[in-house]
Amino acid sequence: MHAIALVPPYHRMKVPLDVHLNEQQALYAQGDLMRLHSVYIDRTAEKATDYAFKSVARHTVDYDDIIILPRTQNEMPGKE
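The rules behind these values
Residues numbered from 1 in each chain as written. Predicted model: local features only at pLDDT ≥ 70, side-chain atom pairs only at ≥ 80, totals over all residues. Heavy atoms only, no water. Helix = DSSP H or I, 4+ residues; strand = E, 2+ residues; numbered from the N terminus. Contact = heavy atoms within 4.5 Å. pLDDT = per-residue confidence, 0-100.

(A) Focus on the environment of Ile-4. Mapped onto the fold, Ile-4 is located in the segment before helix 1 (17-23). C-alpha of Ile-4 to C-alpha of Tyr-51: the two residues are 47 residues apart in sequence and 10.0 Å apart in space. For Ile-4, the residues in contact, after removing those within four places along its chain, are Ala-48, Thr-49 and Ala-52.

Encoded structure:
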């Protein structure tokens, strides 16, 4: 599984996301997810995106398997 996270320049986290994920392995790597590997990407965004989407290019997954979070307000279920 591959993921790309876009983090705004001003956020509530005390450390960069890659540092947080690497330091908190026990919190996130549970069950079938054995480990996370995260790195800060500042110059190779196009290459990283291509790498993350390589499974789509190889037809091992399709676009219906892609999740983009968070959802927009219009995509959220309405209150009933």
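(B) Broad picture of the confidence of the model for the protein. Summary statistics for the protein give a mean pLDDT of 80 and a share of 92% for residues scoring 70 or more. Per-element averaging of pLDDT across the protein places helix 3 (residues 45-52) at the bottom with 79 and helix 1 at the top with 89.

(C) Representation of unusual backbone geometry within the structure. Despite not being glycine, His-59 has its phi angle at roughly 65°, a positive value. With respect to the helices, strands and loops of the structure, His-59 is situated in the segment after helix 4 (54-57).

(D) Highlighting the environment of Met-76. Tracing the backbone shows Met-76 in the segment after helix 4. Remark: the alpha-carbon pair of Met-76 and Gln-25, spanning 51 residues in sequence, is separated by 30 Å.

(E) Fine view of the side chain of Asp-18. As for its position among the elements, Asp-18 is in helix 1. What Asp-18 contacts, discounting residues up to four positions off in sequence, is Ser-38, Val-39 and Tyr-40.

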